[in-house]
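One letter stands for each residue in the lines below.
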Amino acid sequence: QVQLVESGGGLVQAGRSLRLSCAASGDIYTFTVMGWYRQAPGKQRDLVALIQSGGRATYVDSVKGRFTISRDNTKNTVYLEMNNLKPEDTAVYYCKVTTGPNVYWGQGIQVAVSS
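This section reports on the structure supplied with the text. (Residues numbered from 1 in each chain as written. Predicted model: local features only at pLDDT ≥ 70, side-chain atom pairs only at ≥ 80, totals over all residues. Heavy atoms only, no water.)

Thoughts on the environment of Ser-53
Point 1. With respect to the helices, strands and loops of the structure, Ser-53 is situated in the loop between strand E5 (45–52) and strand E6 (57–59).
Point 2. Overall, the relative accessible area of 38% leaves Ser-53 in the partly exposed class.
Point 3. Along the sequence, Ser-53 and Arg-71 sit 18 residues apart, while their C-alpha atoms lie 8.4 Å from each other.
Point 4. Excluding residues that lie within four positions of it along the chain, Ser-53 makes contacts with Phe-31, Thr-32, Arg-71 and Asn-73. (Helix = DSSP H or I, 4+ residues; strand = E, 2+ residues; numbered from the N terminus. Buried < 20%, exposed > 50% of the residue type's maximum accessible area, 1.4 Å probe, protein only. Contact = heavy atoms within 4.5 Å.)

Structural notes on the pattern of salt bridges
Point 1. For the structure on display, the rule yields four salt bridges.
Point 2. Of the charged contacts, one joins Glu-81 and Arg-19 as a salt bridge, the two residues approaching to 3.9 Å between their closest N and O atoms. Taken together, the residues Glu-81 in strand E8 (residues 77–82) and Arg-19 in strand E3 (residues 18–26) connect sequence positions 62 residues apart.
Point 3. The salt bridge involving Asp-89 is made with Arg-66; its shortest N-O contact spans 2.8 Å. Taken together, the positions of Asp-89 in the loop between E8 and strand E9 (91–99) and Arg-66 in the loop between E6 and strand E7 (67–72) put the pair 23 residues apart, joining distant regions of the chain. When sorted by exposure, Asp-89 lands in the same class as Arg-66, which is buried.
Point 4. If you follow the salt bridges from partner to partner, you end up with Arg-38, Arg-66 and Asp-89 in one network. (Salt bridge = Lys/Arg side-chain N within 4 Å of Asp/Glu carboxyl O.)

Observations regarding the pairing of E8
Point 1. Within E8, five of the six residues are buried, leaving the element largely enclosed by the surrounding structure.
Point 2. Pairing of E7 with E8 involves six bridges; the strand directions are antiparallel. When the bridges of E8 are listed, Thr-68 appears paired with Glu-81.
Point 3. A loop of four residues connects E7 with E8, the two strands running antiparallel in sequence, and Asn-76 in this loop sits at a positive phi of about 50 degrees. (Pairing = 2+ DSSP bridges.)

A short note on the pairing of strand E10 (residues 102–105)
Point 1. Sheet analysis places E9 next to E10, joined by four bridges and oriented antiparallel. Opposite Val-97, over in E10, you have Tyr-104 as the bridge partner.
Point 2. Connecting the antiparallel pair E9 and E10 is a turn made up of two residues, with Gly-100 showing a positive phi of about 60 degrees.

Some details on the nonpolar core
Point 1. Core analysis: the largest hydrophobic core is formed by 28 residues, its most contacted members being Trp-36, Leu-80, Met-82 and Tyr-93.
Point 2. When residues of this core are traced back to their parent elements, those giving at least two are strand E1 (2–7), E3, strand E4 (33–39), E5, E7, E8, E9 and strand E11 (109–114).
Point 3. Among all residues touching Tyr-93, those that are not within four sequence positions of it are Glu-6, Leu-20, Trp-36, Tyr-37, Arg-38, Val-48, Phe-67, Leu-80, Met-82, Gly-108, Ile-109 and Val-111. (Core = buried A, V, L, I, M, F, W, Y, C linked by side-chain atoms within 4.5 Å.)

Details of the sheet that holds E7
Point 1. Taken together, four strands build an open sheet; the order of strands is E1-E3-E8-E7 and the sheet is antiparallel. Whereas interior strands pair on both sides, the edge strands pair on one side only; in this sheet they are E1 and E7. Averaged over all adjacent pairs, the angle separating strand axes in this sheet is 15 degrees, with direction ignored.
Point 2. Inspection of the sheet shows E1 paired to E3 by six bridges, in the antiparallel sense. Across the sheet, residue Gln-3 finds its bridge partner in E3, namely Ser-25. (Axes fitted to C-alpha atoms, helices over the stretch in contact; angles between N-to-C directions.)

Right, here's the structure in full:
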């Protein structure tokens, strides 16, 4: 079993930055893929960014150039640096990790951006 603990969310003004962290613990071998998703009120949960074990990153178009995903494999932690935040970035952000055939989700953390 794997536990994920997210931190770093909050309320900020547009144009400011936040850094999300997701620390994994438990029965861990190798996380193939680590990533962040978000769900705005009344909408489905969508991909924000993914990072492979070797460091290759993928971003949704709306965050390219503003968000950076990174991971520290020694700490089993994935980060999401969010710069130049916009009101449309407001959502609950979820961490997701994949290890072998198993997928684990964090509990979600709120990010709110005021205009």
